[in-house]
Amino acid sequence: MERAGDAAGTEHAPDSAAEPVIELEGVAKVFDVRHRAGRGLRRERREVRAVDGLTFTVPRGEVVGYIGPNGAGKSTTIKMLTGILNPSAGRIRICGIDPTRERTRLARRIGVVFGQRTTLWWDLPLRDSYELVRRMYRIGTARYEANLARCVELLDLSALLDVPVRQLSLGQRMRGDIAAALLHDPEVLYLDEPTIGLDVISKSRVRDFLRTVNAERSTTVLLTTHDLTDIETLCRRVMVIDHGRLMYDGGLAGLHAVGESERTLVADFAHELAPVTVEGARFVRAEGPRQWLAFPAAASAAPLVAALAARYPLVDLSVREPAIEDVIARMYGQPG
Ligand SMILES: Nc1ncnc2c1ncn2[C@@H]1O[C@H](COP(=O)(O)OP(=O)(O)OP(=O)(O)O)[C@@H](O)[C@H]1O
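All figures in this text were calculated on a predicted structure; none of them were measured in a lab. (Residues numbered from 1 in each chain as written. Predicted model: local features only at pLDDT ≥ 70, side-chain atom pairs only at ≥ 80, totals over all residues.)

**Thoughts on the overall build of the protein**
Filter applied, for reference: Secondary structure elements are defined from DSSP: runs of H or I of at least 4 residues count as helices, runs of E of at least 2 residues count as strands, and each element is numbered from the N terminus. Counting other C-beta atoms within 10 Å of a residue's own tells you its class, since 20 or more makes it buried, 12 or fewer makes it exposed, and anything in between is partly exposed; those C-beta atoms are placed from the backbone. Our contact criterion uses C-beta atoms placed from the backbone: two residues qualify when those atoms are within 7 Å.
Per the secondary structure count, the protein includes 11 helices and 13 strands. For the protein, the spread of C-alpha atoms along the three principal axes comes to 65 × 55 × 55 Å. In the protein, buried positions account for 40% of the 336 residues. Long-range contacts, defined here as pairs at least 24 residues apart, represent 71% of the contacts in the protein between residues at least 6 apart.

**A closer look at helix 6 (residues 170-182)**
To keep it simple, the criterion reads: Take the number of residues in a helix, subtract one, and multiply by 1.5 Å to get its expected span.
Between its first and last C-alpha atoms helix 6 spans 19 Å; for 13 residues at 1.5 Å apiece the expected length is 18 Å, and the two agree. The complete set of buried residues in helix 6 reads Gln172, Arg173, Met174, Arg175, Gly176, Asp177, Ile178, Ala179, Ala180, Ala181 and Leu182. Against the buried residues of helix 6 lie strand 5 (110-114), helix 4 (126-136), helix 5 (141-155), strand 6 (188-192) and helix 7 (200-217).

**A closer look at unusual backbone geometry**
In this model, arginine 138 sits at a positive phi of 50°, which is unusual for a non-glycine residue. Relative to the helices and strands, arginine 138 is located in the loop between helix 4 and helix 5. In this model, serine 218 sits at a positive phi of 55°, which is unusual for a non-glycine residue. Assessed through the 13 C-beta atoms surrounding it within 10 Å, serine 218 is described here as partly exposed.

**Points about the domain arrangement of the protein**
Rule in force here: Segment limits for the domains were obtained from an automatic or database-derived domain assignment. Three categories are distinguished: nonpolar for Ala, Val, Leu, Ile, Met, Phe, Trp, Tyr, Cys and Pro, charged for Asp, Glu, Lys and Arg, and polar for the others, with Gly belonging to the last.
The domain boundaries assigned to the protein delineate domain 1 (4-17 + 60-85 + 98-258) and domain 2 (261-331). Using only C-alpha atoms to locate each centre, domain 1 and domain 2 end up separated by 32 Å. Each partner contributes residues to the interface: domain 1 has 15 residues there, and domain 2 has 10 residues. At the level of elements, helix 8 (228-234) and helix 9 (252-259) are the ones that each hand at least two residues to the side of domain 1 that touches domain 2. Here the element with the most residues in the side of domain 1 that touches domain 2 is helix 9; it accounts for 5 residues. Across the side of domain 1 that touches domain 2, the residue classes break down as 10 nonpolar, 4 polar and 1 charged.

**A few points about the site of the ligand**
Applicable threshold: A molecule or strand has a residue near it when that residue's C-beta atom, placed from backbone coordinates, lies within 6 Å of it.
Surveying the vicinity of the ligand reveals the residues Phe31, Val33, Val48, Ala50, Gly68, Asn70, Gly71, Ala72, Gly73, Lys74, Ser75 and Thr76. Of all the secondary structure elements, the ones that give two or more residues to the shell around the ligand are strand 1 (20-36), strand 2 (43-59) and helix 2 (74-82). The greatest single-element share of the shell around the ligand, amounting to 3 residues, is contributed by helix 2.

**Some remarks on the sheet that holds strand 3 (residues 63-67)**
Strand pairs in the sheet, formed through backbone hydrogen bonds, run parallel or antiparallel to each other. Where we set the bar: By definition, two strands form a pair when at least two bridges between them are found by DSSP. Helix axes are fitted to C-alpha atoms over the stretch in contact, other axes to C-alpha atoms as well, and angles between N-to-C directions run from 0 to 180 degrees.
A sheet is described by the order of its strands in space; here 6 strands give the open sequence 5-6-7-3-8-9, paired in mixed fashion. A strand with exactly one partner marks an edge of an open sheet, and here the two such strands are strand 5 and strand 9 (245-250). Sheet twist, expressed as the mean angle between neighbouring strand axes with direction ignored, is 15°. When strand 8 (residues 237-242) meets strand 9, the two strands line up antiparallel, connected through 5 bridges. For aspartate 242, the partnering residue across the bridge sits in strand 9 and is arginine 245.

**Brief notes about the pairing of strand 10 (residues 262-269)**
Of the strand pairs in this sheet, strand 10 and strand 12 (residues 290-296) are connected by 7 bridges, and their pairing is antiparallel. Paired with threonine 264 across the bridge in strand 12 is alanine 294. Bridge count between strand 10 and strand 13 (residues 314-320): 6 bridges; the pairing is antiparallel. Considered in strand 13, the bridge of alanine 267 is made with leucine 317.

**Focus: the pairing of strand 6**
A regular strand carries its side chains on alternate faces of the sheet. So the rule is basically this: Handedness rule for crossovers: strands pointing away from the viewer, path from the first strand over the helix to the second running clockwise, crossover right-handed.
Burial of strand 6 is extensive: 5 of the 5 residues sit out of reach of the surface. Of the two faces of strand 6, the one holding Val188, Tyr190 and Asp192 and the one holding Leu189 and Leu191 are both buried throughout. Where strand 5 lies against strand 6, 5 bridges are found, and the strand directions are parallel. Its bridge partner lying in strand 6, glycine 111 is registered against leucine 189. Across 5 bridges, the pairing between strand 6 and strand 7 (residues 220-224) is parallel. Among the inter-strand pairings, leucine 191 is bridged to a residue of strand 7, identified as leucine 223. Taken together, strand 6, helix 7 and strand 7 form a β-α-β motif whose crossover is right-handed.

**Focus on the packing of helix 6 against helix 7**
Note the following rule: In what follows, roughly perpendicular refers to angles from 65 to 115 degrees, roughly parallel to angles under 35, roughly antiparallel to angles over 145, and oblique to any angle outside these ranges. Note on convention: near helix rotated counterclockwise from far helix by under a right angle means a left-handed crossing. Clockwise means right-handed.
Two elements in contact, helix 6 and helix 7, have axes separated by 10 Å at closest approach and are oriented at 15°. Taken together, the axes of helix 6 and helix 7 lie roughly parallel to each other. As helix 6 packs across helix 7, the resulting crossing turns out to be right-handed. Judged by residue contacts, Gly171, Met174, Arg175, Ile178 and Leu182 of helix 6 engage Ser202, Arg205, Val206, Phe209 and Val213 from helix 7. Residues that form the contact of helix 6 with helix 7 fall into these classes: 6 nonpolar, 2 polar and 2 charged.

The structure is reproduced here in structure tokens:
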């Protein structure tokens, strides 16, 4: 396995004493795809190696970002970790359980949220969907009520419980889905793009909730996302996968360092100014009183902000994260 992280020195030090909850050894998934060859009726077989020899472990309580370009093999990995797909080769254990052989037993220990699809019943109010989840998992009444109350409180669901799922906005539905995945107290949570398409407020509510759940219950989380802020706010460790292989396993700062990626400071001044100069950042462009400055993503924005505020009539500012695609492209030495 190539470990781009080794080049920069990974900042993530796996806690070898912690019990591994997710274990993969040499896992591969090959799809047999048939497609029409030429103009005739002849069909050719082609192999797609969606996952190609993955080996890693995740200890209990860790929140790991699992990122990569489109078609990298992220969803295929998650499907194998839930037992929906069987690996073509290798060994998987989740909480010591083989997902292929004991999918039903595993279902009690894991929760899954696919951002693009809902697991809720479209025509039923949220409350009734949760009741069905309770029966499916045979959750005891006291535990169910306590978990539901906690989710309702933290995800602000009380006004939504009697609304049919099809009438919920995307952000409301996502909060509803996340609660449904947690009612049975899973030890492991797989989240596939949980913030996709959500507005800023819904995203931050989902992130706060996941942080709280992880802190309170030591839930192990594997998070697939295209939003770097999800990783930044939730994950100490990030794995990059491409063409089904693990390309990086380490901290986000290490990933930024490998790719020399940059964040952008967007500064609004009281009036139009000549390009400002501040140590540690480079001027990118200006538009009226607004200027864009780039600085290394692994560096802190605080000293730059302090220097700008001391020297210029600063009115407002925000920091923009690089796109995950850009960070990964730079990691491979391509321009972002
Ligand atoms: N059922 C299938 N049959 C054939 N090929 C498949 C199947 N599922 C996935 N693939 C292929 O496997 C590769 C990995 O797909 P996968 O959906 O795991 O990627 P991903 O990293 O989740 O991408 P995205 O970010 O776009 O969701 C792709 O080339 C995809 O076309």
